[in-house]
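What follows is the residue order along each chain.
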Amino acid sequence: MQLEAYIKQHTTVTEFAKQLKKSRQQVHRYMRGEHLTLSIIDRIEAETRGQVTAADLRASRSEAAA
């Protein structure tokens, strides 16, 4: 599942940012596949209980580059 879809279904960008202890702007970057580190990918996967995977985040990065 894409991060954007997860957030729309389960929470808000503001609340998800609070969970990650990041800014709303940073979460928007993650949704576009930008600034993803291994540690943040692991955190997103954990916070979404595996509904957003590393493969999903890589797909977001590929889509943003296209």
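About the cut-offs
- Residues numbered from 1 in each chain as written.
- Predicted model: local features only at pLDDT ≥ 70, side-chain atom pairs only at ≥ 80, totals over all residues.
- Heavy atoms only, no water.
- Helix = DSSP H or I, 4+ residues; strand = E, 2+ residues; numbered from the N terminus.
- Polar contact = N/O pair within 3.5 Å; in protein donor to acceptor, adjacent residues only side chain to side chain.
- Contact = heavy atoms within 4.5 Å.
- Salt bridge = Lys/Arg side-chain N within 4 Å of Asp/Glu carboxyl O.
- Buried < 20%, exposed > 50% of the residue type's maximum accessible area, 1.4 Å probe, protein only.

Trainee: With reference to specific residues and values, describe the side chain of Thr 48.
Mentor: One can find Thr 48 in the loop between helix H4 (38-47) and helix H5 (54-65). Only 2.9 Å separates the side chain of Thr 48 from the backbone oxygen of Ile 44, close enough to count as a polar contact. When near neighbours in sequence (up to four residues on either side) are disregarded, Thr 48 contacts Tyr 6 and Phe 16.

Trainee: A description of the pattern of salt bridges should follow, citing residues and the corresponding values.
Mentor: Once their charged atoms are close, side chains differing in charge can pair, the charge on each being opposite to the other. This model, assessed by the stated rule, comprises three salt bridges. Taking the shortest distance from any N to any O, the salt bridge between Glu 15 and Lys 18 comes out at 3.5 Å. Here the residue Glu 15 and the residue Lys 18 both occupy positions in helix H2 (residues 13-20), the gap between them amounting to three residues, near one helical turn. In this structure Glu 15 comes out as partly exposed when scored by relative accessible area, which is 38%. For Lys 18, a relative accessible area of 55% gives the class exposed.

Trainee: Please set out unusual backbone geometry residue by residue, giving values where relevant.
Mentor: A positive phi angle, near 60 degrees, is found at His 35, a position not held by glycine. Its place among the elements puts His 35 in the loop between helix H3 (24-31) and H4. Phi at Arg 49 takes a positive value of approximately 55 degrees, unusual for a residue other than glycine.

Trainee: Quick one: what's the story with the side chain of Gln 26, residue by residue and with numbers?
Mentor: Summarising the element assignment, Gln 26 is placed in helix H3. Residue classification places Gln 26 among the buried residues on the basis of a relative accessible area of 17%. Within the structure, Gln 26 has its side chain in polar contact with the side chain of Arg 29 (distance 3.0 Å).

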